[in-house]
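# What the coordinates show
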Amino acid sequence: MIRNSSFPENFLWGGAVAANQCEGAYLEDNKGMSLVDVMPDIHNGRGEVFTNPNKFLGEVNYKYYPSHISIDFYHNYKEDIALFAEMGFKVFRTSISWPRIFPNGDEIEPNEKGLQFYDKLFDECLKYKIESLITINHFDTPLYLLKNYGGWKNRKLIDFYLNYCKVIFNRYKNKVKYWLTFNEINMMMHSTFIAGTVYDPKVDKSEDEVKYQSAHNQLVASALATKLAHSINSEFKVGCMLAASTTYPYTCNPNDVLKALNLDRESYFFTDVQARGYYPKYMERTFKEKNINIKMQPDDKKILLENTVDFISFSYYSSKLASTDPTKNDSNSSNIFSTIRNPYLKASGWNWQIDPVGLRITMNNIYDRYQKPLFIVENGLGEKDVIEEDGTINDTYRIDYLRDHILEMEEAIKDGVECIGYTTWGCIDLVSASTGEMSKRYGFIYVDLDDNGNGTRKRIKKRSFDWYKKVISSNGSEL
Ligand code: BGP
């Protein structure tokens, strides 16, 4: 499809990954264990993480841990970045692995070898004039901090995180411009362990209180990191990162509409604090009704108010649906959030509902709410791919998915939304965050590796590779 596009001239096209899902080398060069390194795949107990995280802090031995070697990006980064450059990436989103820099998380001095790895990685991007967009904490809080401090519910983590930020901001101040403080910060409400906190019924009063206390600590950490970033390099752009979506009411019954509003507020709470600088009024009622008491220090409100983010980034995979009708319980998994099946939408092989128009709606909603630039840092289709007899991979379904979303993103830009970039999720196949599988593939580049760790890890370009290359070179005109 060729037409005139409306993307701004310097639009940042690219792709995204996260250290814990692609690097492997889980103990190499003094790296410490992250919480992801104790998680098996979905067929061998990963689901327990969500129900019984304490088990993962004990002596459980699973046969296979997908993060340990993964696609070995740690050793293949040069070849992989060359492929991203071939596609014409303007930006590459990855994360720094916190336990590579601070193996336990609470040390004062960083691990020099870990820092050197990211020096080389960012230099490689610079070589091709690719901007690095860096997530500071993407689901891989050092395991030691969960075992010994209980994770983010403990305020001490703010200091450890800031020490980590100070080191990486100073070290990479001339190599990285765009930073995200926490990946999908609202994941704290849905997958507390992966967000870096352990709820322990023996010591904690209520799970909700633990979640909101941990969220508060992350919000303060995020604000202080933003302040620090700006003081180290005034050119730094710091963003928050939300697992975004819009909840539709199932019917025009006002009760459904109200439920949808409240569900969206559960997520917007985080961005409201990070973009506006204060706790929204609606949370007072939630905290009261749930008997949640957040411990704040006297300066916290000032810190939040004075250090809001420069831009708002988010992942978008699907919309959600809310109903007050108890018979509407055909719950269908969509990302880590579960939601009712929307009869107007198709779903992926993993039952994630596909809603490109929802992206336009979500972008408009977020921009109306904050009037800050948006950056879509995750969007994509996780599907099984098949290698044909002639060795090609014809992922036309992925091309269709991305085309439809890009068109709606463009509509939102035409609606007046300021959007600075778009990084598709998993630009190279990697381990799935929710399931630990390799077979749930998002990439333009196939990696020969199966769900049990077998394979050569050879890279193969898919059909979408050349397609995305054209999208970028034509600035979205050729889709
Ligand atoms: C988001 C995470 C990513 C990524 C993506 C796709 O929630 O930020 O890390 O994994 O979802 O999810 P999955 O890997 O479960 O398919």
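It should be emphasised that the depicted structure is a prediction, and the values quoted were computed from it without experimental measurement.

### Some words on the pattern of salt bridges
Scanning the model with the defined rule gives 30 salt bridges in all. Lys-31 is paired through a salt bridge with Asp-37; the nearest N and O atoms lie 2.8 Å apart. A salt bridge links Asp-200 to Lys-202; its shortest N-O distance comes to 3.9 Å.

### What to know about the nonpolar core
By size, the foremost hydrophobic cluster in this structure holds 121 residues, and its most contacted members are Tyr-161 and Met-409. Beyond its immediate chain neighbours, meaning those up to four positions away, Met-409 contacts Phe-7, Phe-11, Trp-13, Leu-359, Met-363, Ile-376, Cys-419 and Tyr-422. The next biggest cluster of nonpolar side chains, apart from the first, holds 18 residues, and it includes Leu-35, Phe-56, Phe-139 and Leu-143.

### Observations regarding the sheet that holds strand β4 (residues 178–180)
Here we have eight strands rolled up into a closed barrel, ordered β1-β2-β3-β4-β5-β7-β13-β14, and parallel in their pairing. Here the strands of the sheet are splayed against their neighbours by 25° on average, with no regard to which way each runs. When strand β1 (residues 12–16) meets strand β14 (residues 419–425), the two strands line up parallel, connected through five bridges. Among the inter-strand pairings, Trp-13 is bridged to a residue of β14, identified as Tyr-422.

### Observations regarding the pairing of strand β3 (residues 131–135)
Sheet faces and side chains relate simply in a regular strand, where the side chains alternate between the two faces. With respect to burial, β3 is a largely interior element, four of its five residues being buried. In this sheet, β3 lies alongside strand β2 (residues 91–95) in parallel orientation, the contact comprising five bridges. Its bridge partner lying in β3, Phe-92 is registered against Ser-132. Where β3 meets β4, three bridges bridge the pair, whose relative direction is parallel. The residue of β4 that forms the bridge with Ile-134 is Trp-179.

### Some points on the packing of aromatic side chains
Overall, the coordinates contain 38 aromatic pairs when judged by the stated rule. Seen from their ring centres, Trp-98 and Tyr-164 are 5.2 Å apart, and the 5° between their planes marks the pair as stacked. Separated by 66 residues along the polypeptide, Trp-98 in helix α4 (residues 98–101) and Tyr-164 in helix α7 (residues 156–171) bring together distant segments of the chain. Take Trp-98 and Tyr-164: they sit in the same class, and that class is buried.

### With respect to the site of the ligand
Contacts to the ligand come from 15 residues, most closely from Gln-21, Glu-184, Ala-433, Ser-434 and Tyr-442. Between the ligand and Asn-183 there is a distance of 2.9 Å, counted from an oxygen atom to a side-chain nitrogen or oxygen. Considered on its own, the ligand offers 370 Å² of accessible surface; in the complex 99% of this is hidden by protein. Tallied by class, the residues present in the shell around the ligand amount to six nonpolar, six polar and three charged.

What counts and how
- Residues numbered from 1 in each chain as written.
- Predicted model: local features only at pLDDT ≥ 70, side-chain atom pairs only at ≥ 80, totals over all residues.
- Heavy atoms only, no water.
- Salt bridge = Lys/Arg side-chain N within 4 Å of Asp/Glu carboxyl O.
- Core = buried A, V, L, I, M, F, W, Y, C linked by side-chain atoms within 4.5 Å.
- Buried < 20%, exposed > 50% of the residue type's maximum accessible area, 1.4 Å probe, protein only.
- Contact = heavy atoms within 4.5 Å.
- Pairing = 2+ DSSP bridges.
- Helix = DSSP H or I, 4+ residues; strand = E, 2+ residues; numbered from the N terminus.
- Axes fitted to C-alpha atoms, helices over the stretch in contact; angles between N-to-C directions.
- Phe/Tyr/Trp six-rings, centres within 6.5 Å; stacked < 30°, edge-to-face > 60°.
- Near = heavy atom within 4 Å.
- Polar contact = N/O pair within 3.5 Å; in protein donor to acceptor, adjacent residues only side chain to side chain.
- Areas by Shrake-Rupley, 256 points an atom, 1.4 Å probe, with all protein chains shown as cover.
- Nonpolar A, V, L, I, M, F, W, Y, C, P; charged D, E, K, R; others polar.

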